[in-house]
Amino acid sequence: MRKIEHIGIAVKSLESSNELFGKLFGEAHYKVEEVASEGVNTSFFQVGPNKIELLEATKPDSPIAKFIEKKGEGIHHIAYDVEDIRAEMKRLAAEGFTLLNEEPKKGADNKLVCFLHPKTTNGVLIELCQEIG
Ligand code: ZN
């Protein structure tokens, strides 16, 4: 893994959270993108070298809706930038981590992604991200 690519925060309302985090960071979000396959609307903020992703559920059975139901709004995942997602998935599976998808999926912001089950990572949902060339 090369660096933290972004931190994902689950929110109830993207609209009001875009306003809130815009005030917090002193800069508006630069993009809103729906990932229909995951049932989420996302928005992205650039804070110096760091990126923050807000996630809002678009349907009641979306993983984000379930997360908020159980834990409330807050930090949802940490995403790491990887050079070769397939190689990294293979390495982590061999190390005993549980991958939530067997093949990389198309995520937001032009990325291939794979999630690791938090039960194998001390409760932290980890996302691997590879930039799509
Ligand atoms: Zn993410």
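As a reminder, the structure under discussion sits directly above these lines.
Definitions and limits used
- Position numbers for residues start from 1 in each chain and track the written sequence from start to end.
- Restriction of local features to residues with pLDDT of at least 70 applies here, the model being predicted, together with a cutoff of 80 or more for giving and counting side-chain atom pairs; totals for whole chains, interfaces and linings are based on all residues.
- Processing note: side-chain calculations cover all non-hydrogen atoms of the structure and skip hydrogens and water entirely.
- Numbering of helices and strands runs from the N terminus, with a helix taken as a DSSP run of H or I at least four residues long and a strand as a DSSP run of E at least two residues long.
- Radius of gyration: C-alpha atoms only; globule rule: 2.2 Å multiplied by the number of residues to the exponent 0.38.
- Residues count as neighbours in contact if any of their non-hydrogen atoms are within 4.5 Å of one another.
- Shrake-Rupley sampling with a 1.4 Å probe provides the accessible areas, and residues are treated as covered by the protein chains on show and by no other component.
- Between buried and exposed lies partly exposed: a residue is buried under 20% and exposed over 50% of the maximum accessible area for its type, with that area taken using a 1.4 Å probe on protein chains only.
- The directions considered for the arc run from the helix axis to the C-beta atoms.
- Only protein atoms enter the calculation, which uses a 1 Å grid: trapped sets of points that fit a 1.4 Å probe without letting it out are cavities, open sets showing protein on both sides within 12 Å along at least five of seven lines are pockets, and any residue with an atom within 4 Å of a point is a lining residue.
- Grid points are joined across faces, edges and corners, and a volume is the space filled by probe spheres set on the points.
- Under the scheme applied, nonpolar residues are Ala, Val, Leu, Ile, Met, Phe, Trp, Tyr, Cys and Pro; charged residues are Asp, Glu, Lys and Arg; polar residues are all the others, including Gly.
- Ligating atoms shown are N, O and S within 2.8 Å of the metal, or 3.2 Å for Na, K and Ca, and water is not included, meaning a site may look less than complete.
- Throughout this description, a polar contact denotes any pair of N or O atoms lying within 3.5 Å of each other; where both atoms belong to protein, one of them has to be capable of donating a hydrogen while the other can accept it, and for residues adjacent in sequence the pair is counted only when both atoms sit in side chains.

Peer 1: Teacher, can you tell me more about the overall build of the protein chain here?
Peer 2: On a plain count of helices and strands, the protein chain comes out with three helices and eight strands. Along its sequence from the N terminus, the protein chain presents helices and strands in the succession β-α-β-β-β-α-β-α-β-β-β. Taking 14 Å as the expected radius of gyration for a compact globule of 133 residues, we find that the protein chain reaches 14 Å, a close match to that expectation. Considering only C-alpha atoms, the protein chain reaches an extent of 40 × 30 × 25 Å along its principal axes. Sequence-distant contacts in the protein chain: of pairs separated by 6 or more residues, those separated by 24 or more amount to 52%. Carbon and sulfur atoms form 52% of the exposed surface of the protein chain, whose accessible area is close to 7600 Å².

Peer 1: Help me out: how do you make sense of helix α2 (residues 63-71) in this one?
Peer 2: The α-helix advances 3.6 residues per turn, and as a result positions three or four apart in sequence lie on the same side. Taken together, the buried positions of α2 are occupied by Ile64, Ala65, Phe67 and Ile68. Angularly, the buried residues of α2 cover 160° about the axis, an arc narrow enough to put them on a single face. Exposed positions of α2 whose direction lies more than 90 degrees from the buried face are Glu69 and Lys70. If you follow the buried residues of α2, they end up packed against β1 (3-10), β3 (40-47), β4 (50-57) and β5 (74-81).

Peer 1: What exactly am I supposed to notice about the layout of surface pockets here?
Peer 2: Remark: the empty space left among the atoms is shown by a probe the size of a water molecule rolled over them. Here the largest pocket defines a volume of roughly 720 Å³. Along the walls of the largest pocket sit 31 residues, with Pro63, Ile64, His76, Phe115 and Leu125 positioned nearest its centre. Going through the elements one at a time, β3, β4, α2, β5, β6 (105-107) and β7 (111-116) are the ones with two or more residues in the lining of the largest pocket. For the lining of the largest pocket, the element with the most residues is α2, which contributes six residues. Looking at the lining of the largest pocket residue by residue, the classes come out as 16 nonpolar, eight polar and seven charged.

Peer 1: Teacher, can you tell me more about the coordination of the zinc ion here?
Peer 2: Ideal donor angles around a metal are set by the shape: a four-donor tetrahedron calls for 109.5 degrees, a six-donor octahedron for 90 or 180 degrees. Protein-derived ligands of the zinc ion are His6 (NE2), Glu53 (OE), His77 (NE2) and Glu127 (OE), with the metal-ligand distances lying across 2.0 to 2.1 Å. On the primary sequence, the residues serving as donors to the zinc ion are separated as H-x46-E-x23-H-x49-E. Of this pair, His6 sits in strand β1 while Glu53 sits in strand β4, and the two are 47 residues apart along the sequence. Overall, His6 belongs to the buried group, its relative accessible area being 4%.

Peer 1: What is the right way to look at the side chain of Thr42 in this model?
Peer 2: For Thr42, the position within the fold is in strand β3. Classification of Thr42 by relative accessible area gives buried; the value is 1%. In this structure the side chain of Thr42 is engaged in a polar contact, spanning 2.7 Å, whose partner is the backbone oxygen of Glu33. Thr42 has contacts with Leu14, Lys31, Val32, Glu33, Glu53, Leu54, Leu55 and Ala108, leaving out every residue within four places of it along the chain.

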